[in-house]
Amino acid sequence: MNIIWITTQFPNGKENRDGMFIYRTVQELGKHYNITVLALYPIIPPIIPMLKNFKDRKKIFSDWRNAYPKNPIVPQYIKDLNIIYVKYVRPPRINFIDIEGWFAYLSLKKYLKEYKNIQETLIHAAWIFPAGQAAKLLSKKFNLPFIVTLMGSDVNFIRQKTLRHFAARNIVKNASKITSVSQVLIEELIKKNVLINKDKTALTHTIYNFSKFCIKDKSKAKNGLGLEKDKRLIFFAAMLRKLKNADILIKSFASLLRENYKLNLILAGSGYEEENLRRIVEQEGIVNNVKILGNIGEDLLVEYYNAADIFCLPSRNEGLPNVIVESLLCGTPVVASKVGEIPHIIKEGVNGFLVQPNSIEELKEAIKKALDITWERNLLRESVTFLSSEKVVQEYNYVYKNILLK
């Protein structure tokens, strides 16, 4: 059986970790199926700046064209995988996000025209928009079945009685199967009146690198990273945007320092909130206790998970965050928001604690409780063994074979 994965998130640079969970999943599934990855790579023309400065539009376009990377960098670790980076024009999302899939479709269809044994092919899209939208159009064009996997943001940002809501319903209705990393996302899709037939759903988790994300000596990890041995470490890794509530974490952390806790806070990630977060750190007077690293590679991420005493993710909403699973695989307890699939992973006092998002005080108290416990790191790792590669592959086998039999 041939399977074409379509995704907007896939590693495309030397240190780019974007879409590593998709890469690991298709890499493992590639041992059982003939998989081609069509990784959508956006070309974003400066339409809005050109309209705002119409007299200088030619120079703005010329500067953009000269600076824009012509091709993504294929990471060296990607081997034995058929991957094609597909460029597509992505108009400004503020106005065109609900029809972005159409632009992706226009670029994708030429690759399917050249695809061998197209009649024996299944399309698998990660996220409803834009990949699922493009997959639906390709399905109609080439008469192929398609699957859409829910990841989190694609569901959480759907609002009823909008163009996005109408488009999502149409995509879901035409899909052969809707799979999800989280049962909560499926329920949310039903609640929003996007999904009608629950019988066409299934859980398909992403695959985690159990061998790389492993328990290491905490003292050696701290020493290797040059961290202070007399201070305990709270670690956060995610995109720096409002949704992730890193500002709530910083303020909770500052409150802990005022109670004479000896702590450091490290945030890994980048995004539009970085400048605001640095400003909060300065306002709280905790510059010497907080570091914002930017994006880091997996090898370094493993070291920070192991060096940390607590991993914290106080997001407003989530699907199933990979960072939570990775932290537990490294034997580090988690304090996270009671949203999405997180409550199905984190059990109070067993492998971490849950809090309501947006509460500085509640987050602070949960961190204090986690710091007071001597955690058995092997038990923390065992709490997520249900996500082993073997078990996740079985989930995909069930879905793929079910469609094939039809």
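Above: the structure in question.
Computed from a predicted structure; not experimentally measured.

Peer 1: What should I look at first to understand the overall build of the protein in this one?
Peer 2: If you tally the helices and strands in the protein, you get 18 helices and 13 strands. On C-alpha atoms alone, the protein measures out to a radius of gyration of 22 Å, which is about the 22 Å that the 2.2 N^0.38 rule sets for 406 residues. Summarising its shape, the C-alpha atoms of the protein cover approximately 65 × 60 × 45 Å along the three principal directions. With 60 positive and 40 negative side-chain charges, the protein shows a separation of 8 Å between the mean positions of the two kinds.

Peer 1: Just checking my understanding: could you explain helix α9 (residues 183-191) for this structure?
Peer 2: Regarding α9, the residues found buried are L185, I186 and L189. Buried residues of α9, seen end-on, are gathered within an arc of 105° and therefore sit on one face of the element. If you follow the buried residues of α9, they end up packed against α6 (128-142), β5 (146-150), α7 (153-156), α8 (163-174), β6 (177-180) and β7 (201-203). Taken from the residues just after α9, N193 is the one with a positive phi, measuring 60°.

Peer 1: How should unusual backbone geometry be read in this particular structure?
Peer 2: Only a minority of non-glycine residues have a phi that is not negative, and only a minority of peptide bonds are not trans. Cis peptide bonds are those with omega within 30 degrees of zero, and the linkage from F129 to P130 qualifies with -10°. Residue placement: P130 occurs in helix α6. One non-glycine residue, W127, lies in the positive phi region at around 80°. Note that W127 resides in the loop between β4 (121-126) and α6.

Peer 1: Would you mind going over the state of the cysteines with me for this structure?
Peer 2: Think of a disulfide as a covalent bridge from one cysteine sulfur atom to another cysteine sulfur atom. Taken as a whole and judged by the stated rule, the model has zero disulfides. With no disulfide of its own, C312 has C330 as its nearest cysteine by sulfur position, at a separation of 17 Å. Judged by relative accessible area, which is 0%, C312 ranks as buried.

Peer 1: Please clarify how the packing of aromatic side chains should be interpreted in this entry.
Peer 2: Here a ring pair, both rings aromatic, is described through the centre-centre distance and the interplanar angle of the planes. Using the criterion set out here, one finds eleven aromatic pairs in the structure. Here a set of aromatic residues connected by ring pairs shows up, and it is made of F213, F235, Y304, Y305 and F311. The ring of F54 has R57 sitting right over it, with the charged end atom 4.1 Å from the ring centre. Directly above the aromatic system of F129 lies the positively charged group of R164, at a separation of 4.3 Å from the ring centroid.

Peer 1: Any chance you could explain the pairing of strand β9 (residues 263-268) here in plain terms?
Peer 2: Remark: a regular strand shows side chains that alternate across the two faces of the sheet. Burial within β9 is extensive, with six of its six residues counted as buried. Neither face of β9 is exposed, since L263, L265 and L267 on one face and N264, I266 and A268 on the opposite face are all buried. Both strand β8 (residues 232-237) and β9 contribute to a ladder of six bridges, which runs parallel. Within the sheet, the bridge partner assigned to L233 lies in β9 and is N264. The pairing of β9 with strand β10 (residues 290-294) spans four bridges and is parallel.

Peer 1: Help me understand the pattern of salt bridges, please; the structure alone is not making it clear to me.
Peer 2: Overall, the coordinates contain 19 salt bridges when judged by the stated rule. The shortest N-O distance in the salt bridge between K222 and D309 comes to 3.6 Å. Within this pair, whereas K222 is found in helix α10 (residues 218-224), its partner D309 is found in the loop between α13 (298-307) and β11 (310-313), the two being separated by 87 residues in sequence. On the basis of relative accessibility, which here comes to 8%, the residue K222 falls in the buried class. One salt bridge connects E318 with K244, and the closest N-O pair in it is separated by 2.6 Å. Of the two residues, E318 sits in the loop between β11 and α14 (322-329) while K244 sits in the loop between β8 and α11 (246-258), which places them 74 residues apart along the sequence. Relative accessible area serves as the criterion here: at 10%, E318 is assigned to the buried category. Take K244: its relative accessible area is 10%, and that puts it in the buried class. Several salt bridges converge on common partners, so that one network encompasses R24, K212, E298, D299 and E326.

What counts and how
Residues numbered from 1 in each chain as written. Predicted model: local features only at pLDDT ≥ 70, side-chain atom pairs only at ≥ 80, totals over all residues. Heavy atoms only, no water. Helix = DSSP H or I, 4+ residues; strand = E, 2+ residues; numbered from the N terminus. Rg over C-alpha atoms; globule rule 2.2 N^0.38 Å. Lys, Arg positive; Asp, Glu negative; His and termini not counted. Charge placed at Lys NZ, Arg CZ, Asp CG, Glu CD. Buried < 20%, exposed > 50% of the residue type's maximum accessible area, 1.4 Å probe, protein only. Arc of directions from axis to C-beta. Contact = heavy atoms within 4.5 Å. Disulfide = S-S within 2.5 Å. Phe/Tyr/Trp six-rings, centres within 6.5 Å; stacked < 30°, edge-to-face > 60°. Lys NZ or Arg CZ within 6 Å of the ring centre and 35° of its normal. Pairing = 2+ DSSP bridges. Salt bridge = Lys/Arg side-chain N within 4 Å of Asp/Glu carboxyl O.

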